[in-house]
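Reading the structure
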Amino acid sequence: MEDSLINPSLRLPDAIPQADSSVLQIWGGQSLQGHVKISGAKNSALVIMAGALLCSGDCRIHNVPKLADVERMGQVLSALGVRLKRDDTTLEINASELTSSKAPYELVTQLRASFFAIGAILARLGIAQMPLPGGCAIGARPVDLHVRGLQAMGAEVQIEHGICNAYIPGNSRRLKGAKIYLDIPSVGATETLMMAATLADGETIIENAAREPEVVDLANLCISMGAQIRGAGTSTITIQGVSKLHSTEYSIIPDRIETGTFLVAGAITRSELSLSPVVPDHLIPVIAKLRDIGVSIIEEAPDCLRILKTQNLKATDIETLPHPGFPTDMQAPFMALLALAEGDSIINESVFENRLRHASELNRLGADIRVKGNAAFVKGVPILSGAPVLATDLRAAAALVLAGLAASGKTTIQGLRHLDRGYDQLDIKLQKLGAKIQRLSSTDSDAVLSSVK
Ligand SMILES: CC(=O)N[C@H]1[C@@H](OP(=O)(O)OP(=O)(O)OC[C@H]2O[C@@H](n3ccc(=O)[nH]c3=O)[C@H](O)[C@@H]2O)O[C@H](CO)[C@@H](O)[C@@H]1O
Ligand SMILES: C=C(OP(=O)(O)O)C(=O)O
């Protein structure tokens, strides 16, 4: 990548709408058909952008989704002195000159993954000031496991005024390899510590590590830059620190949560759809649950799934768990589907303590869902009917879109800033499949919303 090609700030994709006062209007009951092109995984893209900080050369990343979170992550990196250039789904990142160790408060507090860069910044500069992160408001989401792991590797870490200040004492400015046991197999903590360990002195072993495909994707990026990592995708990850990482070219895996969301879109509208590229192995619990519900899915090619027209949806129980269990990020979309299944379902959310807020919004559409603690008791109803609703987080927004596709009449969804954080043009992709869905800009939506008050 030549210097002259690199813009000082990230050029943002035009397709990302900005205003949160926009609304989506959906006229439900349409059957969908056609092919969906699945974008690169949000949770890989964000942490891979952080991973690129480890390399003092060029990283050329392909299959980067067009998301507000990617845009903000790019702005975080820019503020650290990183040069970025985007051309459609390829992102060139050059972190050869990190001019700052301090990430901007107003950006980091808007997404979760930005915090994970603390491991890479600390490993590169020996110091990092990282505000506590934002992301979906689905629980307390502390960062204690990240902090304790960095401390075990020799960092001094203190949280003051909403900022996590970390530095490596001594002259070497290098973290030291350590044996770290995570109380919870946290995705973010595994990623933070794996990145930090790639440039540490000696060996780090992370026990009870997260096994999510995005952790493996990050490990593969680091390995392509010369890192020595074994065991990613298992509960024990071993990292032998090296002194420097080199330039690379890397392609992000398809988004398993976007894939799952489109599978539910097919099931809830009783439509036949094909989806690619996908990695069916990343979707084992999602496909298994869809089959329990009565949905037929075939593997048309190693990277292509086809969902057939569903006749009857049957109730099932779901418990969210760390990978390879059922993903918490698919819980809200499945709640929309089970709302229309015959019989009673119980959904247990065991990863996050406050991730059932979409239940009351689905009830506005005619669902019959009762929440008690971390469980949602869903009594299937034969039909939903459109209404104005509010998205409270990213996957809640997806659940409301899915319910709106199946509901009779018009559904109006507010809170699109959540949707745009993590879905690459969901409304446009659905439109191409035949959905009657329209995004109204803030001025138009003001008129629509005042007319429903
Ligand atoms: C950007 C990104 O990749 N986000 C994903 C990531 O979030 P994230 O990495 O934040 O999720 P974690 O796996 O860390 O969280 C799992 C559980 O561990 C707890 N915890 C986590 C860290 C910590 O230091 N202390 C602690 O107690 C959390 O509160 C939560 O109850 O994994 C989640 C679980 O699959 C997904 O829902 C998110 O989409
Ligand atoms: C919870 C999610 O994202 P984040 O961790 O970025 O808030 C999600 O992707 O569903």
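Note that the structure is predicted; figures quoted are calculated from it, not measured.

Here we look at the pattern of salt bridges
The full count for this structure, using the stated rule, is 18 salt bridges. Residues Arg72 and Asp69 are paired through a salt bridge, measuring 3.7 Å at the closest nitrogen-oxygen approach. One end of the pair is Arg72 and the other is Asp69, both in helix α2 (residues 68-79) and three residues apart, which spans about a single turn. Relative accessible area serves as the criterion here: at 19%, Arg72 is assigned to the buried category. For Asp69, a relative accessible area of 1% gives the class buried. Residue Arg306 pairs with Glu300 through a salt bridge whose shortest N-O separation is 2.4 Å. By sharing partners, the salt bridges in this structure join Arg60, Glu92 and Glu249 into a single network.

Points about the packing of aromatic side chains
Scanning the entire structure with this criterion turns up one aromatic pair. For the pair Phe326 and Phe334, a centre-to-centre distance of 5.0 Å together with 85° between the ring planes defines the contact as edge-to-face. The pair Phe326 / Phe334 is uniform in exposure class, with both members buried.

Brief notes about the site of ligand 2
Residues in contact with ligand 2, as listed here, are Lys42, Arg112, Gly135, Cys136, Ile138, Arg141, Asp329, Arg355, Leu394, Arg395 and Arg421. Note that an oxygen atom of ligand 2 is positioned 2.7 Å from one of the side-chain N or O atoms of Arg141. Residue Asp329 places a side-chain N or O atom 3.2 Å away from an oxygen atom belonging to ligand 2. Taking 290 Å² as the accessible area of ligand 2 by itself, protein coverage stands at 94%. Here the shell around ligand 2 is built from residues that sort into three nonpolar, one polar and seven charged.

Overview of the UniProt feature "binding site: UDP-N-acetyl-alpha-D-glucosamine" (unreviewed entry) in the protein
In the numbering used here, UniProt assigns the feature "binding site: UDP-N-acetyl-alpha-D-glucosamine" (unreviewed entry) to Arg112, Arg141, Pro142, Val143, Asp144, Leu145, Asp329 and Val351. From the set just named, the residues that line the largest pocket comprise Arg112, Arg141, Pro142, Val143, Asp144, Leu145, Asp329 and Val351. Leaving out residues up to four positions away in the same chain, Leu145 has contacts with Leu182, Asp183, Ile184, Ser186, Ala189 and Leu193. Assignment of secondary structure puts Asp329 in the loop between β17 (318-319) and α10 (331-338).

Let's talk about the UniProt feature "binding site: phosphoenolpyruvate" (unreviewed entry) in the protein
When the UniProt feature table is mapped onto this chain numbering, "binding site: phosphoenolpyruvate" (unreviewed entry) sits at Lys42 and Asn43. As for the annotated residues, the ones lining the largest cavity are Lys42 and Asn43. Position of Lys42 among the secondary structure elements: in helix α1 (residues 42-51). Under the relative-accessibility criterion, Lys42 is labelled buried at 7%. Beyond its immediate sequence surroundings of up to four residues, Lys42 is in contact with Pro65, Leu67, Asp69, Asp255, Leu394, Arg395, Arg421 and Gly422. Summarising the element assignment, Asn43 is placed in helix α1.

Quick notes on the sheet that holds strand β7 (residues 156-160)
Through backbone hydrogen bonds, the strands of a sheet pair up, either in parallel or in antiparallel fashion. The three strands lie next to each other as β6-β8-β7, forming an open sheet whose pairing is antiparallel. In this open sheet, the two strands that pair with only one neighbour each are β6 (127-131) and β7. The average angle at which neighbouring strand axes cross in this sheet is 15°, direction not considered. The sheet contact formed by β6 and strand β8 (residues 163-167) spans five bridges and is antiparallel. Each residue of the ladder has a partner; that of Pro131, found in β8, is Ile163. Sitting on the sheet, helix α4 (residues 118-125) is in contact with β6 and β8, with an inclination near 160° to β6.

What about the layout of surface pockets?
A probe matching the size of a water molecule, rolled over the atoms, marks out where space remains unfilled. A volume near 960 Å³ is recorded for the largest pocket. Only α1, α5 (144-152), α6 (187-198), α8 (256-268) and α12 (394-406) provide two or more residues apiece to the lining of the largest pocket. Across the lining of the largest pocket, the residue classes tally to 19 nonpolar, eight polar and 14 charged. What the second largest pocket holds in volume is close to 280 Å³. Lining the second largest pocket are 17 residues; nearest its centre among them are Lys37, Ser39, Asp424, Gln425 and Lys429. Of all the elements in the fold, those that place two or more residues in the lining of the second largest pocket are β2 (33-37) and α14 (426-432).

Things to note about α8
Quick reminder: α-helices carry 3.6 residues per turn. Residues three or four places apart thus point the same way. Between its terminal C-alpha atoms α8 stretches 18 Å, which fits the 18 Å expected from 13 residues at 1.5 Å a residue. Across the 13 residues that make up α8, a large majority, 13, are buried. Phi turns positive, to about 55°, at Arg270, one or two residues after α8.

So, the environment of Ala232
Along the chain, Ala232 turns up in the loop between β11 (228-230) and β12 (236-240). Sequence separation of Ala232 and Glu212 is 20 residues, and the distance between their C-alpha atoms is 8.9 Å. Discounting residues that sit within four places of it in the chain, Ala232 has contacts with Val216, Ala219 and Ile237.

Conventions and cut-offs
Residues numbered from 1 in each chain as written. Chains lettered and ligands numbered in written order. Predicted model: local features only at pLDDT ≥ 70, side-chain atom pairs only at ≥ 80, totals over all residues. Heavy atoms only, no water. Salt bridge = Lys/Arg side-chain N within 4 Å of Asp/Glu carboxyl O. Helix = DSSP H or I, 4+ residues; strand = E, 2+ residues; numbered from the N terminus. Buried < 20%, exposed > 50% of the residue type's maximum accessible area, 1.4 Å probe, protein only. Phe/Tyr/Trp six-rings, centres within 6.5 Å; stacked < 30°, edge-to-face > 60°. Near = heavy atom within 4 Å. Polar contact = N/O pair within 3.5 Å; in protein donor to acceptor, adjacent residues only side chain to side chain. Areas by Shrake-Rupley, 256 points an atom, 1.4 Å probe, with all protein chains shown as cover. Nonpolar A, V, L, I, M, F, W, Y, C, P; charged D, E, K, R; others polar. UniProt positions renumbered as here; feature names shortened; annotations may be inferred. 1 Å grid on protein atoms, 1.4 Å probe; cavity = no way out; pocket = protein on both sides within 12 Å on 5 of 7 lines; lining within 4 Å. Contact = heavy atoms within 4.5 Å. Pairing = 2+ DSSP bridges. Axes fitted to C-alpha atoms, helices over the stretch in contact; angles between N-to-C directions. Points joined across faces, edges and corners; volume = space filled by probe spheres on them. Expected span 1.5 Å × (residues − 1).

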